[in-house]
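Summary of structural features
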Amino acid sequence: MEKGSLDMELDPVTFEVLRNAYVNLVDRMSEQIIRTCYSFVIYNRDFSCCLNDASGNTVMQGTQDIAVHVGTLHYTAKAVLDFFEDELYPGDVIIINDPYLGGTHFNDVRIMRPVFSDERLIAITQTNGHWADIGGPVPGSFNIKAQDFYSEGLRIPPTKIWEKGKHRKDVANMIASNVRMPEDTLGDMRAQTEATRIGEERLFELIDKYGLDTVVTAFQESQNYVERIMRRRISELPDGTWETEDYIDQDPNAEEGLVRIAVKMTIDGDEVHYDLSGSDPYTGSFLNGSFGSSFSAVIAGTKTFFPDVPLNSGMYRVIHATLPPGTVVNAPAPVACTGFCSGAYEKIMNAIFELWSQVLPERAMACSFNLEYLLVGGKDQRSGYGGKEFMWYDWMAGGWGGRVGKDGANATAPVFGAGLAVQPLEGQERGAPVLTTEHRLVTDSGGPGKFRGGCGVAKGALLTEAGKPVMSYCADRERSITWGILGGLPSIPQGVVLNPGAPQEQHLGVVFSNVPIRAGDSFTRPSAGGGGYGDPLERDPERVLEDVKDEYVSLERALRDYGVVVREVDRELAEYEIDREATEGERQAIRENRAMWLEEDPEAVAKKFAEGKIDELDLFRRYGVILDRNTNRVFQRTTRQFRAMLKRRAVPFWT
């Protein structure tokens, strides 16, 4: 196998045609997957594709690839090249899901095809799909109790599933035999494999038209082009260092207290460096990030502020990251890391959003809601389904942070994967014995601010005919509640409630797995909204009035969060009015007291809550107090950390 690229100059027109042709090539691969996949998870766009050069560098990603896969696909391509060295041949197809070789977690399975011309490797076409189950003790493979990957699922190192054009049926069956939905697994494996063939086919069409030398040279020029753009854009910004932190709710296997993720960003000339050395050690659960996933978060967080710049390995030459081994952002094998998506990943992204909001204030945005996955698995006992395994695998939209001059977006895909689709309820109900009972925006879920955070969503469901069903939930932001910036306030906590409103109601929280449930049980959970941007007392009362009319904000929270006194005239006709004199008095009272509220004894605040003098939103929006939601016990260390965040992000910006 011979590697190499040729050195030649391209005319601008040919270069531009080929650069865009590579985007089209990747998008055609994606279209193949969406039309032929078996898994409802992949069908709802939890997948990505890319074109790599002969060295494994990313030449181009597609237009709808989700953020979490950005910045990782080149690592797995390089891992495959290093592993097989000179033992790759035309007709080979390789599978890998190893998070410790630059991947994300076991569910993200990459399939790649080395492309040859006259026995010389010229490219790799690669797909990455999130398989709904990859084995392990928990349906869906999200095991919150896992402390090592042996308790998470099947780890696949670089492995050939096609060799010199011959299908390795034994390998494919070995993989399928270790997962709960083998038919879906084999179907998705075929869909991803065929997509890599489509990419190869399209590449040879370009070679036939433009010649091998021109196409291969354009690989390098495409990366150089992105590098030049990024260097120029960065060089126009002031040099300096900025620091912040975000937190994971807890280490479930340790004492209470938020888990710190520290991010220091330095702009030096035409390069950006991120140092996450101040982050806490890895947790005793699966909420850790691997090197690949955390680097991906760095890239995705940065790319959000440069949306017009194409994405390939040229960007990785400009952006550098220090991710110390042994920390929560770089857990080494065999430490568990399947829950990185709800744990470290979005904390890194939102921290980077805050840093860039200082550098590019015209694009500033507060924290957005946290990705969450709810999984119900068991035997489908409905008539005609034969008791086969089912997997109800659900994620929700939520609110993005308030922005400069604009409220945050309501009910939007998570920043983790902005290309993710909201799953159609009808499709879910056809594939699993779970009936959706509600799906609505959550009033008061947007973090208060001069510009309000977007609203989250509540989704409820009823389990029908199911045998031996269990539930798992992978989420966060029940304690490190989605925060605001420049004076803005937090959103709401996330978490699952089982059998809401019934005598057996139970709050399950945001991290649990393999909880037995029964046919007839109901459950619901909200996604958080985004954090607020700016002082809520500076929000135009007319905008608060419109929020009340739209049911984004309740009358009570209009008063307590914004100091706006709104009176109901006719609810049926959505007629309300502002008492402006009372509003001035209420806002003045809040201004005089709100800094002191954050100094009150947490135990005294908890007593007020128990006596019904304040509500749950008052607890953390006014007093910065975090309680155990089942026992109302004060989390003392968590409260100190949460208050410190409010005092840094909110108090200095209150007038």
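Please read all numbers here as calculations on a predicted model, not as lab measurements.

The rules behind the values
- Residues numbered from 1 in each chain as written.
- Predicted model: local features only at pLDDT ≥ 70, side-chain atom pairs only at ≥ 80, totals over all residues.
- Heavy atoms only, no water.
- Domains from an automatic or database assignment.
- Contact = heavy atoms within 4.5 Å.
- Buried area = accessible area lost by both parts, 1.4 Å probe.
- Helix = DSSP H or I, 4+ residues; strand = E, 2+ residues; numbered from the N terminus.
- Buried < 20%, exposed > 50% of the residue type's maximum accessible area, 1.4 Å probe, protein only.
- Polar contact = N/O pair within 3.5 Å; in protein donor to acceptor, adjacent residues only side chain to side chain.
- Phe/Tyr/Trp six-rings, centres within 6.5 Å; stacked < 30°, edge-to-face > 60°.
- Salt bridge = Lys/Arg side-chain N within 4 Å of Asp/Glu carboxyl O.
- Axes fitted to C-alpha atoms, helices over the stretch in contact; angles between N-to-C directions.
- Parallel < 35°, antiparallel > 145°, perpendicular 65-115°, else oblique.
- Nonpolar A, V, L, I, M, F, W, Y, C, P; charged D, E, K, R; others polar.
- Pairing = 2+ DSSP bridges.

Some remarks on the domain arrangement of the protein
- We note that the domain assignment places domain 1 (12-138 + 145-229), domain 2 (364-534), domain 3 (536-581) and domain 4 (598-655) within the protein.
- Each of domain 2 and domain 3 has a C-alpha centre, and these two points are 27 Å apart.
- Every contact between the two is made by 15 residues of domain 2 and, on the other side, 12 residues of domain 3.
- Of the roughly 1100 Å² buried between domain 2 and domain 3, counting both surfaces, carbon and sulfur atoms make up 49%.

Overview of the environment of glycine 91
- Within the element layout of this structure, glycine 91 appears in the loop between helix H3 (73-84) and strand E3 (93-96).
- Judged by relative accessible area, which is 22%, glycine 91 ranks as partly exposed.
- A C-alpha to C-alpha distance of 4.0 Å links glycine 91 and glycine 165, two positions 74 residues apart in sequence.
- Ignoring anything within four residues of it in the chain, the contact list for glycine 91 reads Trp162, Glu163, Lys164 and Gly165.

Comments concerning the side chain of aspartate 133
- With respect to the helices and strands, aspartate 133 occurs in the loop between strand E5 (120-130) and strand E6 (159-163).
- For aspartate 133, a relative accessible area of 3% corresponds to the buried category.
- Here glycine 135 takes part through its backbone nitrogen, which lies 2.8 Å from a polar atom of the side chain of aspartate 133.
- Engagement of the side chain of aspartate 133 in a polar contact is seen with the backbone nitrogen of glycine 140, the distance being 2.8 Å.
- Dropping the residues within four chain positions of it, aspartate 133 is found in contact with Asn107, Val138, Pro139, Gly140, Ser141, Val179, Arg180 and Thr185.

Quick look at the packing of aromatic side chains
- This structure, assessed with the given rule, holds 27 aromatic pairs.
- With a centroid separation of 6.1 Å and an interplanar angle of 15°, the aromatic rings of phenylalanine 40 and tyrosine 43 are classed as stacked. Linking phenylalanine 40 with tyrosine 43, this pair stays in helix H2 (residues 40-43), spanning three residues, or about one helical turn.
- The exposure class assigned to tyrosine 43 is partly exposed, which follows from its relative accessible area of 44%.
- Taken together, a centroid distance of 5.9 Å and an interplanar angle of 80° make the contact between phenylalanine 340 and tyrosine 345 edge-to-face.
- For phenylalanine 340, a relative accessible area of 1% puts it in the buried group.

Observations regarding the pattern of salt bridges
- Counted by the stated rule, this structure contains 49 salt bridges.
- Residue glutamate 163 pairs with arginine 168 through a salt bridge whose shortest N-O separation is 3.5 Å.
- Glutamate 163 gets classed as partly exposed once you look at its relative accessible area, which sits at 31%.
- Between aspartate 618 and arginine 560 there is a salt bridge; the shortest N-O distance is 3.0 Å. In this pair, aspartate 618 is assigned in helix H15 (residues 616-621) and arginine 560 in helix H12 (residues 555-562), connecting sequence segments 58 residues apart. Just as aspartate 618 is buried, arginine 560 falls in that class too.

Some thoughts on the packing of helix H14 (residues 602-610) against helix H16 (residues 636-649)
- Following both chains from N to C, one finds H14 and H16 inclined at 100°, their axes separated by 11 Å at the closest point. The orientation of H14 relative to H16 falls into the category roughly perpendicular. Between H14, through Pro602, Glu603 and Val605, and H16, the contact on the second element is made entirely by Gln636, Thr639 and Arg643.
- Tallied by class, residues from the contact of H14 with H16 come to two nonpolar, two polar and two charged.

Concerning the sheet that holds strand E16 (residues 466-474)
- Pairing in this open sheet of four strands is antiparallel, and the strands run E13-E12-E16-E19 from one edge to the other. Because the sheet does not close on itself, it has two edges, and the strands there are strand E13 (389-395) and strand E19 (511-516). On average, each strand axis in the sheet is tilted by 10° relative to the strand beside it, whichever way the strands run.
- Bridge count between E16 and E19: four bridges; the pairing is antiparallel. Looking at E19, one finds that methionine 471 is bridged to valine 515.

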